[in-house]
Amino acid sequence: MPHQVHQRKFGRTTGQRRTMLKNLTLSVLRYERVKTTEAKAKEIRGFVDRMINLGKDGSLSSRRRARAWLPEQVIVEKVFDDLAKRYPDRTSGYLRTTHLPRRVGDSAPLMLLELMPATEEKKAEADTEAAPKRRRLSLPRRREKPAVETAKAESAPAKKRAPARKKTTAGAKEA
C-alpha cells in the first residue's frame, strides 16, 4: 500500500496524465487565464509554481528543466523573462482559482485559473482608489413618477373613448 502518495490519476495512464499536465501548464502560462475542472486546477497549481520558480532562478540547468517540461521554447522565454520579473517578492501562489458554475454536460465543477497580477499593478490600483470618487446624478425615484402622472390626469379632463364597433358582412353590404 503506497503511503503519502498524493496524486490524482484522472483515469489515465502515466504518459497520458503527464502529457495532459504539461499541456495544461503550457496553456496557463500562455493565456494566463484558463477554465478547467476543479481536480485538474488543484493538481496544476504546483506545476505552474515550479515553472515560475525555475524562471526566477534563471540558471542554465533550470532553463533546461523548464524546457524539458514545457514543449514550446517561446513559453520558456516568457517564463524566464516576463513572469520571473513580475513576481520578485512572491515565492509561491502565483495562481488565483475562482469557482465557476458547473459544466452543463456532465455537471463537473469548474474553476477559472488566473495568474496573479504583478505587484506594480496593485500599487496603481491603490493610487486610483485614493482619488476622489465622482458623484452620481440623482435620478427621479419611482414613487415620484406616478404622482406626476396623477397630477396631469386630474388637471386635464379624460376623454371617453367609444368602443369600436364590429364590422359585419351585413353592414359592409349596406355601405
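See the structure above.
Residues numbered from 1 in each chain as written. Predicted model: local features only at pLDDT ≥ 70, side-chain atom pairs only at ≥ 80, totals over all residues. Heavy atoms only, no water.

**Description of the sheet that holds strand β1 (residues 33-37)**
Strand pairing in a sheet relies on backbone hydrogen bonds, with the paired strands running either antiparallel or parallel.
Turning to step 1, where the next piece is worked out: The three strands are arranged β1-β3-β2 in an open sheet whose pairing can be described as antiparallel. Two strands close off the open sheet at either side, each with one partner strand: β1 and β2 (95-100). Direction aside, neighbouring strands of the sheet carry axes that sit 25° apart on average.
Turning to step 2, where the next piece is worked out: As paired elements, β1 and strand β3 (residues 110-115) share five bridges and run antiparallel to each other. Paired with Val 34 across the two strands is Leu 113, which belongs to β3.
Turning to step 3, where the next piece is worked out: Helix α1 (residues 14-31) rests against β1, β2 and β3 of the sheet, and its axis sits at about 150° to β1. (Pairing = 2+ DSSP bridges. Helix = DSSP H or I, 4+ residues; strand = E, 2+ residues; numbered from the N terminus. Axes fitted to C-alpha atoms, helices over the stretch in contact; angles between N-to-C directions. Contact = heavy atoms within 4.5 Å.)

**Examining the pattern of salt bridges**
Turning to step 1, where the next piece is worked out: All told, the structure shown has nine salt bridges when counted by the stated rule.
Turning to step 2, where the next piece is worked out: Two residues, Arg 63 and Glu 77, come together in a salt bridge whose shortest N-O distance is 3.2 Å. Here Glu 77 lies in helix α4 (residues 73-86) and Arg 63 lies in helix α3 (residues 60-69), a separation of 14 residues in the sequence.
Turning to step 3, where the next piece is worked out: One salt bridge connects Arg 103 with Asp 106, and the closest N-O pair in it is separated by 3.0 Å. (Salt bridge = Lys/Arg side-chain N within 4 Å of Asp/Glu carboxyl O.)

**A closer look at the packing of α1 against helix α2 (residues 38-57)**
Turning to step 1, where the next piece is worked out: Remark: α1 packs on α2, axes separated minimally by 9 Å, with the N-to-C direction vectors making an angle of 65°. When the axis of α1 is compared with that of α2, the two are roughly perpendicular. The chirality of how α1 crosses α2 is right-handed. Between α1 and α2, the contacting residues are Met 20, Leu 21, Leu 24, Thr 25, Val 28 and Leu 29 on the first element and Lys 40, Glu 43, Ile 44, Phe 47, Val 48, Met 51 and Ile 52 on the second.
Turning to step 2, where the next piece is worked out: Grouping the constituent residues of the contact of α1 with α2 by class yields 10 nonpolar, one polar and two charged. (Parallel < 35°, antiparallel > 145°, perpendicular 65-115°, else oblique. Left-handed = near helix turned anticlockwise from the far one by under 90°. Nonpolar A, V, L, I, M, F, W, Y, C, P; charged D, E, K, R; others polar.)

**Points about the nonpolar core**
Generally speaking, nonpolar side chains in soluble globular proteins are found buried as a group.
Turning to step 1, where the next piece is worked out: With 29 residues, the main nonpolar core has Leu 29, Ile 44, Val 48, Ile 52, Leu 70 and Leu 115 as its most contacted residues.
Turning to step 2, where the next piece is worked out: Going through the elements one at a time, α1, α2, α3, α4 and β3 are the ones with two or more residues in this core.
Turning to step 3, where the next piece is worked out: Residue contributions to this core peak at seven residues, all from α2.
Turning to step 4, where the next piece is worked out: What Leu 115 contacts, discounting residues up to four positions off in sequence, is Val 28, Glu 32, Val 48, Ile 52, Leu 83, Arg 86, Tyr 87, Tyr 94 and Leu 95. (Core = buried A, V, L, I, M, F, W, Y, C linked by side-chain atoms within 4.5 Å. Buried < 20%, exposed > 50% of the residue type's maximum accessible area, 1.4 Å probe, protein only.)

**A look at α1**
Two residues of an α-helix separated by three or four positions point the same way, owing to the 3.6 residues in each turn.
Turning to step 1, where the next piece is worked out: Counted at 1.5 Å a residue, the expected span for α1 with its 18 residues is 26 Å, and the 26 Å between its end C-alpha atoms agrees.
Turning to step 2, where the next piece is worked out: Among all positions in α1, only Arg 17, Met 20, Leu 21, Leu 24, Thr 25, Leu 26, Val 28 and Leu 29 are buried.
Turning to step 3, where the next piece is worked out: Residues of α1 that are buried sit in contact with β1, α2, α3, α4, β2 and β3.
Turning to step 4, where the next piece is worked out: Of the residues one or two after α1, Glu 32 is the one with positive phi, at around 65°. (Expected span 1.5 Å × (residues − 1).)

**Some remarks on the side chain of Ser 62**
Turning to step 1, where the next piece is worked out: One can find Ser 62 in helix α3.
Turning to step 2, where the next piece is worked out: Ser 62 gets classed as buried once you look at its relative accessible area, which sits at 2%.
Turning to step 3, where the next piece is worked out: Reaching out from Ser 62, the side chain makes a polar contact with the backbone oxygen of Leu 54 at a distance of 3.4 Å.
Turning to step 4, where the next piece is worked out: Among all residues touching Ser 62, those that are not within four sequence positions of it are Leu 54, Asp 57 and Phe 80. (Polar contact = N/O pair within 3.5 Å; in protein donor to acceptor, adjacent residues only side chain to side chain.)

**A short note on the packing of aromatic side chains**
Turning to step 1, where the next piece is worked out: For the structure on display, the rule yields two aromatic pairs.
Turning to step 2, where the next piece is worked out: Between Phe 47 and Trp 69 the ring centres are 5.0 Å apart and the planes differ by 5°, which places this aromatic pair in the stacked class. With a gap of 22 residues between them, Phe 47 in helix α2 and Trp 69 in helix α3 connect regions that are remote in the sequence. No difference in accessibility class separates Phe 47 from Trp 69, as the two residues are buried.
Turning to step 3, where the next piece is worked out: Ring geometry for Tyr 87 against Tyr 94: centres 5.0 Å apart, planes inclined by 55°, an arrangement best described as tilted. Both residues of the pair, Tyr 87 and Tyr 94, count as buried.
Turning to step 4, where the next piece is worked out: In this structure, Arg 63 is placed above the aromatic ring of Phe 80, and the distance from its NZ or CZ to the ring centre is 4.3 Å. (Phe/Tyr/Trp six-rings, centres within 6.5 Å; stacked < 30°, edge-to-face > 60°. Lys NZ or Arg CZ within 6 Å of the ring centre and 35° of its normal.)

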